[in-house]
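Geometric and topological summary
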Amino acid sequence: MSISVFQDPLLKGLFGDPLVADAFDAERTIQRYNQVEIALTRGAEAVGLVPTAAADAIAQMLDGFVPDMADLAAGTVRDGIPLPRYAAQIKAAAGDNARYVHLGSTSQDIMDTALALTLMEINNAFDQRLVEILAKLSALAQAHGQRSMMGRTRMQAALSITVADRLREWSLPLERQRERLVRLRPRIELVQFGGPVGTRRGWNGHGNEIATHMAGSLGLSDPGAAWHTARDGLGVYVGWLTQISAALGKIGEDVFLMAQQGIGEIRLAGGGSSSAMAHKKNPIDGELLVTLARFNAAQLGGFAQSLMHEQERSGVSWALEWMILPQMCAATGASLLTGLRLLSAIEQMGAPEGTALDGAT
């Protein structure tokens, strides 16, 4: 077993999300560094700090720049981050225009803006998956909503409900979280620009103008100040990831309880096999949704520890954020994919034919 189940050769098909893995891939991250550096150069050009000819040459160089990854890895061990060696490499590649490269910026400006671009890609995918899940739930309500089933409180039979009642409990939290994502995205898809101590001073007084120009060219928002140590937006975001996983985990838990032998309130296509008991069809996807929800809930407390960034820059909390955030995104992405797969496998919902639903027992 690998250190991470999200990338283990045997387990990543169960736990992983190829889109999230690709979005956080090292080569894609370097491409985003290049993209941010181009935006910085063009922003500095727009305020007259970089000649157009130099800006054109730098942008052309960065557009296809591929760094020496071994050098970046060695530099990261020494510097704690890959950007110092990356900046040195692009300056070397720029030749006579080196003085205009990475102009007045700090490592965190580039890395956090690249993260914002990563999250923008992931959020686009997550939003689309939520749309698809809600459509699946609506279709199930149309097909099976009027059927009866036993409502259960504290896992005991209570009173008869309809399938539509159960589906409504599944849909409403996801509808609310999709609306919440729309409001949340401007708080996390942000350009990071502050310079060495986050003040935006320097650049001959043009720091805010450069940041605004960068944001526009990258499709991000400009918060008006650096957020080097103000990570509250990301704190709200990981809470949202946890809420999505929890809402889908509730669906998974309900499904595997409904599928229990002797209850049979749901019929699923497929199912996991047992190496010892051929008669079993295990509700793997339902179980997985609960596991992923519990994983994200466990990570939430760890991420809260990363929100405290001391003074103007942290080498401790920032690194902890790198360890936790990608895994929470991967778990949420896997939850959405698994939820879609599980809902697509539902062939019938409701009590078995001939079952009497006459109230509490």
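Residues numbered from 1 in each chain as written. Predicted model: local features only at pLDDT ≥ 70, side-chain atom pairs only at ≥ 80, totals over all residues. Heavy atoms only, no water.

**Points about the overall build of the protein**
- Scanning the protein from terminus to terminus reveals 12 helices and 4 strands.
- Taken along its principal axes, the extent of the C-alpha atoms in the protein is 85 × 40 × 35 Å.
- Within the span of the protein, comprising 361 residues, buried residues form 48% of the whole.
- As displayed, the protein offers around 16900 Å² of accessible surface, 54% of which is attributable to carbon and sulfur atoms.
- Between the mean site of the 31 positive side-chain charges and the mean site of the 37 negative ones, the protein shows a separation of 5 Å. (Helix = DSSP H or I, 4+ residues; strand = E, 2+ residues; numbered from the N terminus. Buried < 20%, exposed > 50% of the residue type's maximum accessible area, 1.4 Å probe, protein only. Areas by Shrake-Rupley, 256 points an atom, 1.4 Å probe, with all protein chains shown as cover. Lys, Arg positive; Asp, Glu negative; His and termini not counted. Charge placed at Lys NZ, Arg CZ, Asp CG, Glu CD.)

**With respect to the packing of helix α7 (residues 107-144) against helix α10 (residues 232-258)**
- Following both chains from N to C, one finds α7 and α10 inclined at 25 degrees, their axes separated by 13 Å at the closest point. Our classification of the angle between α7 and α10 gives roughly parallel. Classified by chirality, the crossing of α10 by α7 is left-handed. Note on element contacts: α10 touches α7 through Leu 234, Tyr 237, Trp 240, Leu 241, Ile 244 and Leu 248, opposite Leu 115, Leu 119, Ile 122, Asn 123, Phe 126, Leu 130 and Ile 133.
- Among the residues making up the contact of α7 with α10, the classes are represented as 12 nonpolar, 1 polar and no charged. (Axes fitted to C-alpha atoms, helices over the stretch in contact; angles between N-to-C directions. Parallel < 35°, antiparallel > 145°, perpendicular 65-115°, else oblique. Left-handed = near helix turned anticlockwise from the far one by under 90°. Contact = heavy atoms within 4.5 Å. Nonpolar A, V, L, I, M, F, W, Y, C, P; charged D, E, K, R; others polar.)

**Side note on helix α4 (residues 52-63)**
- With 12 residues, α4 extends 16 Å between its outermost C-alpha atoms, agreeing within 8% with the 16 Å of an ideal straight helix rising 1.5 Å per residue.
- The inward-facing, buried residues of α4 abut α3 (26-46) and α6 (83-94). (Expected span 1.5 Å × (residues − 1).)

**Topic: the pattern of salt bridges**
- One pass over the structure, following the stated rule, counts 20 salt bridges.
- Here Arg 129 makes a salt bridge to Asp 17, at a shortest N to O gap of 2.5 Å. Taken as a pair, Arg 129 in helix α7 and Asp 17 in the loop between α1 (12-15) and α2 (18-23) lie far apart in primary sequence, 112 residues in all. Per residue, the accessibility class of Arg 129 equals that of Asp 17, and both read buried.
- One salt bridge in this structure joins Arg 28 and Glu 121, with 2.6 Å as the shortest N-O distance. Highlighted residues: Arg 28 in helix α3 and Glu 121 in helix α7, separated in sequence by 93 residues.
- Residue class for Glu 121 comes out partly exposed when judged on its relative accessible area of 23%.
- Look at the salt bridges and you will find they share partners, linking Asp 22, Arg 28, Arg 32 and Glu 121 into a network. (Salt bridge = Lys/Arg side-chain N within 4 Å of Asp/Glu carboxyl O.)

**Digging into unusual backbone geometry**
- We note that Asn 204 has phi near 55 degrees; this positive angle belongs to a residue other than glycine.
- Looking at where Asn 204 falls in the secondary structure, it is placed in the loop between α8 (163-188) and α9 (207-218).
- Taking the relative accessible area as the measure of exposure, Asn 204 reaches 66% and is therefore exposed.
- The phi angle at Gln 311 is positive, at roughly 50 degrees, despite the residue not being glycine.
- Locating Gln 311 in the fold gives a position in the loop between α11 (284-305) and α12 (317-344).

**Topic: the environment of Gln 128**
- Turning to its location among the elements, Gln 128 is positioned in helix α7.
- A relative accessible area of 40% places Gln 128 in the partly exposed class.
- Separated by 24 residues in the primary sequence, Gln 128 and Gly 104 place their C-alpha atoms 38 Å from one another.

**Some words on the packing of aromatic side chains**
- Using the criterion set out here, one finds 6 aromatic pairs in the structure.
- Measuring from centroid to centroid gives 4.5 Å for Phe 193 and Trp 203, while their planes differ by 35 degrees, and the two rings are tilted. On the criterion of sequence distance, the pair formed by Phe 193 in the loop between α8 and α9 and Trp 203 in the loop between α8 and α9 is long-range, its members being 10 residues apart. The burial state of Phe 193 is the same as that of Trp 203; both residues are buried.
- Seen in terms of ring centroids, Tyr 237 and Trp 240 are 6.0 Å apart; in terms of plane orientation they differ by 15 degrees. Their pairing is stacked. You can see Tyr 237 and its partner Trp 240 sitting in helix α10, 3 residues apart, about one turn around the helix. Of the two residues, Tyr 237 and Trp 240, both sit in the buried class.
- An aromatic cluster is built from Tyr 33, Phe 65 and Tyr 86, whose rings are joined through pairwise contacts. (Phe/Tyr/Trp six-rings, centres within 6.5 Å; stacked < 30°, edge-to-face > 60°.)

**Points about the pairing of strand β1 (residues 148-153)**
- One ladder, built from 5 bridges, connects β1 with strand β2 (residues 156-162); its direction is antiparallel. Bridge pairing in β2 links Arg 152 to Ala 157. (Pairing = 2+ DSSP bridges.)

**Side note on the environment of Glu 27**
- Within the secondary structure layout, Glu 27 lies in helix α3.
- Along the sequence, Glu 27 and Cys 329 sit 302 residues apart, while their C-alpha atoms lie 18 Å from each other.

**Section: the nonpolar core**
- Within the largest apolar cluster, 53 residues are counted, with the highest numbers of intra-cluster contacts made by Trp 170, Leu 174, Tyr 237, Trp 240, Leu 241 and Leu 325.
- When residues of this core are traced back to their parent elements, those giving at least two are α2, α7, α8, α10, β3 (266-268), α11, α12 and β4 (346-349).
- For Trp 170, the contacting residues outside a window of four places in its chain are Leu 137, Lys 250, Ile 251, Asp 254, Val 255, Met 258, Leu 343, Ile 346 and Met 349.
- Formed by 41 residues, the second largest nonpolar core is a distinct cluster that contains Val 36, Ala 94, Met 111 and Trp 318. (Core = buried A, V, L, I, M, F, W, Y, C linked by side-chain atoms within 4.5 Å.)

**A closer look at the confidence of the model for the protein**
- Of all residues in the protein, 94% attain a pLDDT of 70 or more, and the chain-wide mean is 93.
- Overall, residues 272-280 carries pLDDT values under 50, and its contacts beyond four positions in sequence, including any with other chains, amount to 9 contacts. (pLDDT = per-residue confidence, 0-100.)

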